[in-house]
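Next come the chains, spelled out residue by residue.
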Amino acid sequence: MKKLILIICVALISSGTTFAQKKSAKKTKKVVAKTEQVAPVVVKDAFQQNFSGSEAKWSKNYSGHWVANFTKEEVKTTAEYDADGKWVATRSAYEGNTLPETVATKVKSKYPDATIKDGWKIERSDVAAYYKVNIQNNGTEKAVLINEAGTIVE
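Just so it is clear, the model here is predicted, and its values are computed rather than measured.

Colleague: Help me understand the sheet that holds strand S5 (residues 115-124), please; the structure alone is not making it clear to me.
Modeller: In a beta sheet, neighbouring strands pair by backbone hydrogen bonds and run either parallel or antiparallel. The eight strands lie next to each other as S1-S2-S3-S4-S5-S6-S7-S8, forming an open sheet whose pairing is antiparallel. In the strand order of this sheet, the two ends are held by strand S1 (57-60) and strand S8 (152-153), each with one partner. Of the strand pairs in this sheet, strand S6 (residues 130-137) and strand S7 (residues 140-147) are connected by eight bridges, and their pairing is antiparallel. Residue Tyr130 lies in a different strand from S7, and its bridge partner there is Asn147. Where helix H2 (residues 41-50) meets the sheet, it contacts S1, strand S2 (66-72), strand S3 (75-81) and strand S4 (87-95), and its direction lies at approximately 135° from that of S3. Of the strands in this sheet, S5, S6, S7 and S8 are in contact with helix H3 (residues 101-110), which crosses S6 at around 40°.

Colleague: Could you clarify how one ought to interpret the pairing of S4 in this entry?
Modeller: Each regular strand shows side chains that alternate between the opposite faces of the sheet. Across six bridges, the pairing between S3 and S4 is antiparallel. Within S4, the position partnered with Thr78 by the bridge is Arg91. If you look at the hairpin formed by S3 and S4, you'll find five residues sitting between the two strands, and Gly85 has a positive phi there, around 90°. Of the strand pairs in this sheet, S4 and S5 are connected by seven bridges, and their pairing is antiparallel. Bridge assignment links Arg91 to a residue of S5, and that residue is Ile122.

Criteria and thresholds
Residues numbered from 1 in each chain as written. Predicted model: local features only at pLDDT ≥ 70, side-chain atom pairs only at ≥ 80, totals over all residues. Heavy atoms only, no water. Pairing = 2+ DSSP bridges. Helix = DSSP H or I, 4+ residues; strand = E, 2+ residues; numbered from the N terminus. Contact = heavy atoms within 4.5 Å. Axes fitted to C-alpha atoms, helices over the stretch in contact; angles between N-to-C directions.

Structural data, given as structure tokens:
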């Protein structure tokens, strides 16, 4: 009887490992090209009030907001609006050498050995505008936040 139970246990254990599925280590991700969409008139009007004369390419983000991609004063900028045309946020991307001088000076004064990689000016409807600057300081990557008054928050 003991031998029979032992044989059944060995058979169950070995069959479990034999029939176990192997998971693929490589998962493929489907790439979907973004197509330009036509924003509602109320959203386009709100955009023109804020950024008159700018031509934008429109798309929708994951939260259903309308996003306008455009260039303003040679800076790539995105502006986000809700479906009613209410402004939500604006993000302006800067290269390390094109950041506003006051921001670059503040970063260099706090981190004299750091290299400024790039940065963004982020304006949102719920908080004051600030800059997010990516730096490399002593071999480590770091993001530094600077408000409009020049105060650095890490």
